Amino acid sequence: MAEHHTSGLGLLRVIFRLRVPDADQDRFLDAYRRIRHQVSQVEGYLGDQLCQSEGDPEDWVITSEWASAAHFHAWERGADHRRLAAPLVACATARESSRYHIRLTTTPGAEADRLLLEAKS
């Protein structure tokens, strides 16, 4: 496995955890589908994943990756963030948000990783 050190404290992982009652899950998924492509246009946004707990179907996590904390915080402070997140938050009975600087990334295939990094340079 290849191990990569990120430069400085660049990349940021945001973890948004929500409790969504069974009765609201279709509405929640519809809201997520409506906003995800708009969010993907935000400067510094690198991608996200929507995950549902295997053992507790009311437990949901959205993880997103950002080019920097500054990019995420600029988005978070903006009116678009609140407007787009409102339909998701309206479906949740509880929510919490955490932010982590990505310090190391491990991926399989060291040779493929080296070629990928060279291609991005």
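Everything here concerns the structure above.
This report concerns the structure included in the present document.

### Observations concerning the pattern of salt bridges
For side chains bearing opposite charge, pairing can occur when the charged atoms are close. Using the criterion set out here, one finds 8 salt bridges in the structure. Across the salt bridge formed by Arg17 and Asp59, the nearest N and O atoms sit 2.7 Å from each other. With Arg17 in strand 2 (residues 12-19) and Asp59 in strand 4 (residues 59-66), the pair connects residues that are 42 residues apart, well separated along the chain. By relative accessible area, Arg17 is classed as partly exposed at 39%. Owing to a relative accessible area of 10%, Asp59 belongs among the buried residues under this scheme.

### With respect to the packing of helix 1 (residues 25-39) against helix 3 (residues 79-91)
Contact geometry of helix 1 with helix 3 gives a least axis separation of 9 Å together with a crossing angle of 160°. By the angle between their axes, helix 1 is roughly antiparallel relative to helix 3. Where helix 1 crosses over helix 3, the handedness of that crossing is left-handed. Across the interface between the two elements, Arg27, Phe28, Ala31, Tyr32, Arg34, Ile35, Gln38 and Val39 of helix 1 pack against Arg83, Leu84, Pro87, Leu88, Ala90 and Cys91 of helix 3. A per-class count over the contact of helix 1 with helix 3 returns 10 nonpolar, 1 polar and 3 charged.

### Digging into the sheet that holds strand 3 (residues 45-52)
The strand order across the open sheet built from 4 strands is 3-4-2-5, with neighbouring strands paired in antiparallel fashion. Of all strands in the sheet, those with a lone pairing partner are strand 3 and strand 5 (94-101), marking the two edges. Averaged over all pairs of adjacent strands, the angle between their axes in this sheet comes to 15°, without regard to strand direction. Alignment of strand 2 against strand 5, held across 8 bridges, turns out to be antiparallel. Considered in strand 5, the bridge of Ile15 is made with Ser98. Of the strands in this sheet, strand 2, strand 4 and strand 5 touch helix 2 (residues 69-77), which is tilted by about 150° from strand 5.

### Notes on the packing of helix 2 against helix 3
One way to put it is that helix 2 packs onto helix 3 with a least axis distance of 4 Å and a crossing angle of 70°. Taken together, the axis directions place helix 2 and helix 3 in an arrangement best described as roughly perpendicular. Side by side, helix 2 and helix 3 meet where Trp75, Glu76 and Arg77 of the first sit next to Ala79, Asp80, His81, Arg82 and Leu84 of the second. Looking at the contact of helix 2 with helix 3, its residues break down into 3 nonpolar, 1 polar and 4 charged.

### Things to note about the environment of Cys51
Looking at the secondary structure, you find Cys51 in strand 3. Given the relative accessible area of 33%, Cys51 is considered partly exposed. Along the sequence, Cys51 and Arg17 sit 34 residues apart, while their C-alpha atoms lie 9.4 Å from each other.

Parameters and conventions
- Residues numbered from 1 in each chain as written.
- Predicted model: local features only at pLDDT ≥ 70, side-chain atom pairs only at ≥ 80, totals over all residues.
- Heavy atoms only, no water.
- Salt bridge = Lys/Arg side-chain N within 4 Å of Asp/Glu carboxyl O.
- Helix = DSSP H or I, 4+ residues; strand = E, 2+ residues; numbered from the N terminus.
- Buried < 20%, exposed > 50% of the residue type's maximum accessible area, 1.4 Å probe, protein only.
- Axes fitted to C-alpha atoms, helices over the stretch in contact; angles between N-to-C directions.
- Parallel < 35°, antiparallel > 145°, perpendicular 65-115°, else oblique.
- Left-handed = near helix turned anticlockwise from the far one by under 90°.
- Contact = heavy atoms within 4.5 Å.
- Nonpolar A, V, L, I, M, F, W, Y, C, P; charged D, E, K, R; others polar.
- Pairing = 2+ DSSP bridges.

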